[in-house]
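Observations on chain architecture
Residue-level listing of the chains:
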Amino acid sequence: IYNVVYLTILSYYIFFFFKQKTAYEISACLVGSEMCIRDRVSTQSTWGIYNYLKEKLMKVFLVALLSLTIVNVSATGLHFASIRGALSAQCPAGTIAASCACGMTCGSFHTINNNQCHCQCRPMDWTQAHCFSARDVSNNVMQLVSTTASANAQMVSCPAGFTATSCSCGAGVGSWDIINGNVCRCNSPGHGWVSAQCHKPANPAYELYCEYRSGYVNPLAPTAGFTTVACSCGTVDGRGCGSYTLANNQCHCHPGCRPTWTGLQQCRIEKI
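Notes on the structure follow.

Rules and cut-offs
Residues numbered from 1 in each chain as written. Predicted model: local features only at pLDDT ≥ 70, side-chain atom pairs only at ≥ 80, totals over all residues. Heavy atoms only, no water. Helix = DSSP H or I, 4+ residues; strand = E, 2+ residues; numbered from the N terminus. Contact = heavy atoms within 4.5 Å. Areas by Shrake-Rupley, 256 points an atom, 1.4 Å probe, with all protein chains shown as cover. Core = buried A, V, L, I, M, F, W, Y, C linked by side-chain atoms within 4.5 Å. Buried < 20%, exposed > 50% of the residue type's maximum accessible area, 1.4 Å probe, protein only. 1 Å grid on protein atoms, 1.4 Å probe; cavity = no way out; pocket = protein on both sides within 12 Å on 5 of 7 lines; lining within 4 Å. Points joined across faces, edges and corners; volume = space filled by probe spheres on them. Nonpolar A, V, L, I, M, F, W, Y, C, P; charged D, E, K, R; others polar. Phe/Tyr/Trp six-rings, centres within 6.5 Å; stacked < 30°, edge-to-face > 60°. Lys NZ or Arg CZ within 6 Å of the ring centre and 35° of its normal.

**Points about the overall build of the protein**
- The secondary structure content of the protein amounts to three helices and 18 strands.
- Restricting to contacts in the protein with at least 6 residues of sequence separation, those with at least 24 account for 71%.
- In the structure as shown, the protein presents an accessible area of about 14200 Å², 58% of it carried by carbon and sulfur atoms.

Structure (structure tokens):
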């Protein structure tokens, strides 16, 4: 908001200088040739000052515009990529798996080394890894610490200091939500087990802040200022669906799932 206000003020002053220049030229020469001749020296001096101020002001304007662009690009501190494979999908070097999506409506997956997704239902036609890296306020790459928490229960919590980016449920269940940013809960009985993908910045001056939201719409977009890292798709039978895509920062549950609601985990990097 401050950047927008700043640019608005700068734009006003640029317009003011252009407007003054035009008004002076018209008013000076409409009066008569005598005034134009008399003011020629002062006009040249004025033009020198005008050109100097215009040059300086344009430099400040460009710097401010560049600053605004950087904030928009890395506002959440998360850089995202999606990789698709058959039974598994490998994240690029330097990124970790925030979540996994599976074909055949399957919601059961596990990760290897925190950067490779494996869907556990058979048959399976595709696997998608949603991979991300984190950056600090100076746009430098940050190291992330990752782990997986699992339990033969309905819910499982990430270790202290970690944040859950996605959940996986047994028996192919794809309906889940995240409580208080670090507790994964499967929403269908008979799922058998639950696991949570947990992450945190290695630098204690930063935190991975996430919120879960849902709605009866498909696709579902995150709140402004957040990046979507995982999706959950609800169905009439309560089992949910694990087949979805992330496009333009939105969750798209596949039509074959016949979703009744869509949920998403949205995150950003914050300086403590």
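**Some thoughts on the nonpolar core**
- The biggest cluster of nonpolar side chains holds 28 residues, and the ones touching the most others in it are Cys 184 and Tyr 244.
- The set of elements that each furnish at least two residues to this core consists of β10 (163-169), β11 (176-179), β12 (183-186), β13 (194-201), β15 (227-234), β16 (244-247) and β17 (250-253).

**A word on empty space enclosed by the protein**
- In total, this model carries two cavities of 30 Å³ or more according to the counting rule given.
- Its boundaries defined by the atoms lining it, the largest cavity holds a volume of some 90 Å³.
- Lining of the largest cavity is provided by 15 residues; of these, Cys 100, Phe 109, Cys 167, Trp 176 and Tyr 244 occupy positions nearest its centre.
- The dominant element in the lining of the largest cavity, judged by the number of residues it contributes, is strand β3 (residues 96-102), at four residues.
- Considered class by class, the residues forming the lining of the largest cavity number 10 nonpolar, five polar and no charged.

**Structural notes on the packing of aromatic side chains**
- A complete count under the given rule lists two aromatic pairs for this structure.
- Relative to Tyr 212, the ring of Trp 176 lies with its centre 6.1 Å away and its plane at 50°, an arrangement referred to as tilted. In this pair, Trp 176 sits in strand β11 while Tyr 212 sits in strand β14 (residues 206-215), placing the two residues 36 residues apart along the sequence.
- Residues Tyr 209 and Phe 226 carry aromatic rings whose centres are separated by 6.1 Å and whose planes lie at 45° to one another, so their mutual orientation is tilted. Within this pair, whereas Tyr 209 is found in strand β14, its partner Phe 226 is found in the loop between β14 and β15, the two being separated by 17 residues in sequence.
- You can call Tyr 209 partly exposed: its relative accessible area is 30%.
- Residue Phe 226 is classed as buried on the basis of its relative accessible area, which comes to 6%.
- One residue, Arg 84, lies across the ring of Trp 126, its end atom 4.1 Å from the ring centre.

Keep in mind these numbers describe shape, not what the thing actually does.
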